[in-house]
Amino acid sequence: TLPRLLTVADEVVCPAPQRWFGSVGAWYHDFAQTTDDEVTALLAGPVPPAPDPPPPNREVEADDGAWYTRRILPYRTQDTQVAGVVITFADISERKTAERAIEAARSYSDSIINTLRQPLVVLDEELNVISASLSFYSTFSVEPEQAVGRQLDAVDEGRLDITALRGLLDRLRN
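These numbers were taken from a predicted model, which means no experiment stands behind them.

**Student:** Give me the overall build of the chain: which residues, what numbers.
**Tutor:** Of the regular secondary structure elements, the chain holds six helices and five strands. Each of the 174 residues in the chain was classed as buried or not, and the buried ones make up 22%. Across the chain, contacts joining residues at least 24 apart in sequence account for 29% of those joining residues at least 6 apart. Per element, the accessible surface of the chain, about 12300 Å² overall, is 55% carbon and sulfur.

Here's what the structure looks like:
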């Protein structure tokens, strides 16, 4: 209910108060990531109808460590006037956990690669450079920005396009 919402929210903006306020499945008590400017901008109507882009989604972390995508959209009447806002939260905790695990694994593999004395380059299935050892960058006088994401034989404006290397890469491509 609106009285219950008032006990957990700093301020409730309701152009047309409803008898019941709630959400499917859960109540959210921390709206700290929603700025006054965002809410005011949505309520400043009239807002042009879609396809104007909505406010950006924002990833927020709850006190208990769960992660949510917060989305704010205007609630429009039939004549496209803004009558309020709808704030939704979608749980993305599993995705954030997976992202952290991938980043940790990547950091770990990079630390191993960077201990090698011989030049080493890691390629994807299209033979684009994913990463390389510090000795690779040093030996070939190439910066990571010049190599990562490019095909190996195109790195440094083709300086690594060596006949023997090209033959090996051609065999790998086939």
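**Student:** Help me get a handle on the side chain of Lys96, residues and values and all.
**Tutor:** Topologically, Lys96 is positioned in helix α3 (residues 93-113). Judged by its relative accessible area of 14%, Lys96 falls in the buried class. Within the structure, the side chain of Lys96 is placed 2.8 Å from the side chain of Glu59, a separation counted as a polar contact. In this structure, Lys96 is in contact with Glu59 and Trp67, ignoring residues within four places of it in sequence.

**Student:** An account of the pairing of strand β1 (residues 58-61) is needed here, citing residue identities and associated values.
**Tutor:** Pairing of β1 with strand β2 (residues 67-76) involves four bridges; the strand directions are antiparallel. Of the residues in β2, the one forming a bridge with Glu61 is Trp67.

**Student:** Give a description of the pattern of salt bridges that names residues and reports values.
**Tutor:** Taken as a whole and assessed by the stated rule, the structure comprises five salt bridges. Residues Lys96 and Glu59 are paired through a salt bridge, measuring 2.8 Å at the closest nitrogen-oxygen approach. One end of the pair, Lys96, is in helix α3; the other, Glu59, is in strand β1, and 37 residues separate them in sequence. The exposure class of Glu59 is partly exposed, given its relative accessible area of 36%. Salt-bridge contacts for Glu99 lead to Lys96; the nearest nitrogen and oxygen are separated by 3.9 Å. Of this pair, Glu99 and Lys96 both sit in helix α3, three residues apart, roughly one helical turn.

Conventions adopted
Residues numbered from 1 in each chain as written. Predicted model: local features only at pLDDT ≥ 70, side-chain atom pairs only at ≥ 80, totals over all residues. Heavy atoms only, no water. Helix = DSSP H or I, 4+ residues; strand = E, 2+ residues; numbered from the N terminus. Buried < 20%, exposed > 50% of the residue type's maximum accessible area, 1.4 Å probe, protein only. Contact = heavy atoms within 4.5 Å. Areas by Shrake-Rupley, 256 points an atom, 1.4 Å probe, with all protein chains shown as cover. Polar contact = N/O pair within 3.5 Å; in protein donor to acceptor, adjacent residues only side chain to side chain. Pairing = 2+ DSSP bridges. Salt bridge = Lys/Arg side-chain N within 4 Å of Asp/Glu carboxyl O.

These figures come from the coordinates and say nothing about function on their own.
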